[in-house]
Amino acid sequence: MGEKLTPRQEMAAERLMEDEGLTGDLLDEQAAPLIRWATEAAVKVAAPEVSEEEEEAGLRAIAQAVRQVARSAGAERDPARLVALAEAALAALRPERRVRRVRGAPARFRAPRGRWG
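Cut-offs applied
- Residues numbered from 1 in each chain as written.
- Predicted model: local features only at pLDDT ≥ 70, side-chain atom pairs only at ≥ 80, totals over all residues.
- Heavy atoms only, no water.
- pLDDT = per-residue confidence, 0-100.
- Contact = heavy atoms within 4.5 Å.
- Salt bridge = Lys/Arg side-chain N within 4 Å of Asp/Glu carboxyl O.
- Helix = DSSP H or I, 4+ residues; strand = E, 2+ residues; numbered from the N terminus.
- Buried < 20%, exposed > 50% of the residue type's maximum accessible area, 1.4 Å probe, protein only.

### Examining the confidence of the model for the protein
- The predicted model of the protein averages 83 in pLDDT, with 79% of residues at 70 or higher.
- Confidence drops under a pLDDT of 50 for residues 97–117, and excluding neighbours within four residues, the segment shows 9 contacts in the predicted structure.

Have a look at this one:
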């Protein structure tokens, strides 16, 4: 994170760094790469062009991804593997990856495809 950060980005990164429950019972050597990854992700999600709602959802998803890895890491010591697991967990949680229905009737009011015409 060599670039100049906005106060909002600094606050987002600090929020994750100060969350003592984030990495659970991981050893420092396991937790350090996850915290580094999480703070870098927090800086990206707190970019000036991102809405506050998107930032909050992104920070929650990052924290959830790290907690998920921390619970399942076990004896995994490879920093690259831990970060890859966190990235995969985040990809599964990312709010912007969820399908949003904007047009037409809500899904619960639509007829199933392949039936009735």
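From this point, things continue past the structure.
### What about the pattern of salt bridges?
- All chains considered together, the criterion is met by 5 salt bridges.
- The partner of Glu-29 in a salt bridge is Arg-77, and the shortest N-O contact between them spans 3.0 Å. Residue Glu-29 is located in helix H2 (residues 28–45), and its partner Arg-77 is located in the loop between helix H3 (52–72) and helix H4 (79–93); the two are separated by 48 residues in the primary sequence.
- Taking the relative accessible area as the measure of exposure, Glu-29 reaches 49% and is therefore partly exposed.
- A residue is classified by how much of its surface remains accessible, and Arg-77, at 41% relative accessible area, is partly exposed.
- A salt bridge links Glu-56 to Arg-60; the nearest nitrogen and oxygen atoms lie 3.4 Å apart. Of the two residues, Glu-56 and Arg-60 are both situated in helix H3; the distance of 4 residues between them amounts to about one turn of the helix.
- Residues joined by salt bridges that share partners form a network here, namely Arg-15, Glu-56 and Arg-60.

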